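So you can see what is in the structure, the chains are spelled out below.
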Amino acid sequence: MTRHQRLWIAVSATFMANGGIYGVWASRIPAVAQEFQLEHNQLGLLLLLLAGGAILSFPIAGRLADRHGALEMSKLFILGVGVSMLALSFVTHVWVFTLAVFLFGMTQGAMDVAMNTWASEVERSVKKPWMPSFHAMWSLSGALGGLSGYLAVTLGLSFSWHFAIAAVAVPVLCRWGMNVKWQSKKTQSAPGPMFPIPRGPLFFVGLTCLCATFGEGTMIDWSAIYMIEIVGTDENIAPIGFVAFSAAMVLMRLFGGVVITTLGVTRAALFSGISALIGILVVVGLATPITSIVGFIFMGLGFALAFPLAITSAGNHPTLPQAQAIASVTTLGYGGLLLAPPVIGFVASATSLRGAFGLLIGMSVLLIALAPAMRGGSATAEAAPANH
């Protein structure tokens, strides 16, 4: 096995661990809502706390990754993710569970920044457009996590035991897979606000990322409930919608390097927005089991590339340290991923879940309009080195 192959496997293992655990969580949200008898707005508030924990962790994780190394922090944060999910499996009181969800969001968010920074380092080192493939592994493991929810419900396994098994097994496998020789760059973060918002062209990169991750966040936490309440499927079938969405994302991200090289960054981003728009129109307009799954597939194809393109653009920033630039973009990007679920919950309570999903139509239109902002989001493009 070549060094390049070993590096790809190591980074992919990190993304798969993060996505797998999040997929496990997403697949059991209906069971969590039923266990604690949560209405849509209450579930939305719970998911808002998860989002708040993640967003709070972004700048902190960015500074730690710059100072101590992205690989080292990725190894530390996957242990934190496991501990926080283990807490979710043990607590029975709703207020303690709420605190555990907040900590789960913090550790997930911190790991996201660290592992994307490490992926950006590796991508720059090998000079190949690997970022979409790393995010393909995140989506693949998210789909596997969703599939594990289907199996757990079918076997009658409670979400507590499901969470406990994932909390122990996934970090152990991840640390084994991450065992590679790599020296992350270390630097002091540039002075500035604790929660930096990307400025100039980087702001539009982050906004594009926010639109795509808003769609992804909606799918992660609400697709199963949408399949039950709007489409009318049984609980054991409901996770299949998210599995189809994630599988489509995996497919697009695996071939993302080819798509970007063939179409160019701007046209690839434009294609993404159009595909997402077609998918959500089918899901909202028809809402039958077959058409919903087809719509979810188009949405997965559409929302797949924006985030990895944005991370590559941020990693190539000419002045900011890599982790700080990536943390800046992920503040918007993961803001969409993590704020979408509570926003959908609140809008669904005020209107309907179907109406709340209609918000994704606007996000898809924005993706189309902002496609030119992604110009330069290619690992093969020339960029000035970051200040390490």
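Quick note: structure is the one above.
Residues numbered from 1 in each chain as written. Predicted model: local features only at pLDDT ≥ 70, side-chain atom pairs only at ≥ 80, totals over all residues. Heavy atoms only, no water.

K.L.:
Could you clarify how one ought to interpret helix α7 (residues 159–177) in this entry?
P.N.:
Because each turn of an α-helix spans 3.6 residues, side chains separated by three or four positions end up pointing in the same direction. The terminal C-alpha atoms of α7, which comprises 19 residues, lie 26 Å apart, in line with the 27 Å expected from a rise of 1.5 Å per residue. Every buried residue of α7 is listed here: F159, H162, F163, A164, A166, A167, V170, P171, C174 and G177. For α7, the secondary structure elements touched by its buried residues are α1 (3–27), α2 (29–35), α4 (70–90), α5 (94–126) and α6 (131–155). (Helix = DSSP H or I, 4+ residues; strand = E, 2+ residues; numbered from the N terminus. Expected span 1.5 Å × (residues − 1). Buried < 20%, exposed > 50% of the residue type's maximum accessible area, 1.4 Å probe, protein only. Contact = heavy atoms within 4.5 Å.)

K.L.:
Just checking my understanding: could you explain the packing of α1 against α4 for this structure?
P.N.:
Here α1 crosses α4 at 15°, and the two axes come no closer than 11 Å. Judged on the interaxial angle alone, α4 and α1 are roughly parallel. Handedness of the α1/α4 crossing: left-handed. Between α1 and α4, the contacting residues are T14, A17, I21, V24 and W25 on the first element and S74, I78, V81, M85 and L88 on the second. Taken together, the residues that form the contact of α1 with α4 break down as eight nonpolar, two polar and no charged. (Axes fitted to C-alpha atoms, helices over the stretch in contact; angles between N-to-C directions. Parallel < 35°, antiparallel > 145°, perpendicular 65-115°, else oblique. Left-handed = near helix turned anticlockwise from the far one by under 90°. Nonpolar A, V, L, I, M, F, W, Y, C, P; charged D, E, K, R; others polar.)

K.L.:
Please explain the side chain of T107 as it appears in this structure.
P.N.:
For T107, the position within the fold is in helix α5. Apart from residues no more than four positions distant in its own chain, T107 is found in contact with F77, G80, V81 and S84.

K.L.:
So what exactly am I meant to see when it comes to the pattern of salt bridges here?
P.N.:
Opposite charge on two side chains permits them to pair, given that their charged atoms come into close proximity. For the structure on display, the rule yields one salt bridge. The partner of R253 in a salt bridge is E216, and the shortest N-O contact between them spans 3.9 Å. One end of the pair, R253, is in helix α9 (residues 239–254); the other, E216, is in helix α8 (residues 201–231), and 37 residues separate them in sequence. On the accessibility criterion, E216 (6% relative accessible area) is buried. (Salt bridge = Lys/Arg side-chain N within 4 Å of Asp/Glu carboxyl O.)

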